[in-house]
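Here is how the chains run, residue by residue.
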Amino acid sequence: MSDPRGIIEALHDPVLQKAVRLDVVVTVVDAEAHDVADDLWQAQLRAADIIVLAKVGETAAADHASLRARLEGMGKSLVFVADEGGGIPLELLLGQPFPREPAAPAEAPVIRDDRFVQVEWMSPRAVVLARFRAVIASLAQRLVRAKGLIRVAERPGQTFLFQLVGRRASLLPSDLPMEGARLVLIGRTGIFDAAAATAELEAMAQE
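Residues numbered from 1 in each chain as written. Predicted model: local features only at pLDDT ≥ 70, side-chain atom pairs only at ≥ 80, totals over all residues. Heavy atoms only, no water.

### Structural notes on the layout of surface pockets
Stage number 1. If you add up the space inside the largest pocket, you get close to 960 Å³.
Stage number 2. Elements with a minimum of two residues in the lining of the largest pocket: strand S1 (26–30) and helix H3 (39–47).
Stage number 3. Within the lining of the largest pocket, the residues separate by chemical class into 14 nonpolar, 5 polar and 10 charged. (1 Å grid on protein atoms, 1.4 Å probe; cavity = no way out; pocket = protein on both sides within 12 Å on 5 of 7 lines; lining within 4 Å. Points joined across faces, edges and corners; volume = space filled by probe spheres on them. Helix = DSSP H or I, 4+ residues; strand = E, 2+ residues; numbered from the N terminus. Nonpolar A, V, L, I, M, F, W, Y, C, P; charged D, E, K, R; others polar.)

Structure representation (structure tokens):
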């Protein structure tokens, strides 16, 4: 959701360097669903010291090979697969920091989060599960991320943790205290209509 260079630049601040140390930047790439033309996707790869490929087992061999070739063309040699051999060797994560210098002023500016629009929605009432699923299904194609805690009318007293990343969603029991519902929805500017999404959620809460 963000360009790592902004964090990297902040961690090079002399004051912060006395308290924290940047060891390594890891970028996780969804091998199944990604947009190679997206400026933010490219920025996240350029900033990475290590790349981890996720969902490789769900990707066609030709597509996997094409992605590998693209990463090699970007000079990325430390590429691991999340479901093979335990992922990244711990010595790479916990060893010496990767050498790096602060970004030069001439480089492209850090990509800011105005590329995305966010909705924070709350309701004091529990939601009806079937209606909640219908609303999320309606919004999902325009979302890149969603999360939240909800109470379900059919399960009094039980809190559920809702997560949506890309096209995958989950709803799992949670011990976190919650009354009603609280959601955060994130979509791309120009694609995700925040006002329309809020209206759908409000309508759901009234039913």
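From this point, the discussion proceeds with the structure in view.
### Section: the packing of aromatic side chains
Stage number 1. What the rule picks out here adds up to 1 aromatic pair.
Stage number 2. Where Phe-132 meets Phe-162, the ring centres are 5.2 Å apart and the plane angle is 85°; that geometry is what we call edge-to-face. Here Phe-162 lies in strand S6 (residues 159–165) and Phe-132 lies in helix H6 (residues 129–139), a separation of 30 residues in the sequence.
Stage number 3. According to the relative accessible area criterion, Phe-132 is buried, its value standing at 3%. (Phe/Tyr/Trp six-rings, centres within 6.5 Å; stacked < 30°, edge-to-face > 60°. Buried < 20%, exposed > 50% of the residue type's maximum accessible area, 1.4 Å probe, protein only.)

### Let's talk about the environment of Ile-191
Stage number 1. Within the fold, Ile-191 resides in the loop between strand S8 (181–188) and helix H7 (194–206).
Stage number 2. The class for Ile-191 is partly exposed, based on a relative accessible area of 49%.
Stage number 3. Distance in space between the C-alpha atoms of Ile-191 and Leu-143 is 8.6 Å, their sequence separation being 48 residues.

### What about the side chain of Ser-123?
Stage number 1. Considering the arrangement of structural elements, one finds Ser-123 in strand S4 (residues 116–123).
Stage number 2. What makes Ser-123 buried here is its relative accessible area of 8%.
Stage number 3. Reaching out from Ser-123, the side chain makes a polar contact with the backbone nitrogen of Arg-125 at a distance of 3.2 Å.
Stage number 4. Every residue in contact with Ser-123, bar those within four places of it in the chain, is listed here: Glu-179, Gly-180, Ala-181 and Ala-205. (Polar contact = N/O pair within 3.5 Å; in protein donor to acceptor, adjacent residues only side chain to side chain. Contact = heavy atoms within 4.5 Å.)

### A closer look at the sheet that holds S8
Stage number 1. Within the open sheet, the 5 strands sit side by side as S4-S8-S5-S6-S7. Their pairing is antiparallel. Since the sheet does not close on itself, it has two edges, and those belong to S4 and strand S7 (168–174), each with one partner. Taking each pair of neighbouring strands and ignoring which way they run, the sheet shows an average axis angle of 15°.
Stage number 2. Where H7 meets the sheet, it contacts S4 and S8, and its direction lies at approximately 15° from that of S4. (Pairing = 2+ DSSP bridges. Axes fitted to C-alpha atoms, helices over the stretch in contact; angles between N-to-C directions.)

### Notes on the confidence of the model for the chain
Stage number 1. Here the chain shows a mean pLDDT of 82. Residues at 70 or above account for 87%.
Stage number 2. The weakest mean pLDDT in the chain belongs to helix H5 (residues 90–94) at 70; the strongest belongs to H6 at 93. (pLDDT = per-residue confidence, 0-100.)

### Regarding the pairing of S6
Stage number 1. Alignment of strand S5 (residues 145–151) against S6, held across 7 bridges, turns out to be antiparallel. Pairing of Ile-150 across the sheet is with Phe-160, part of S6.
Stage number 2. Here S6 runs beside S7; their pairing, made up of 7 bridges, is antiparallel. Of the residues in S7, the one forming a bridge with Leu-164 is Ala-169.
Stage number 3. Linking two consecutive strands that pair antiparallel, namely S6 and S7, is a turn of 2 residues; a positive phi of about 60° is found at Gly-166 within it.

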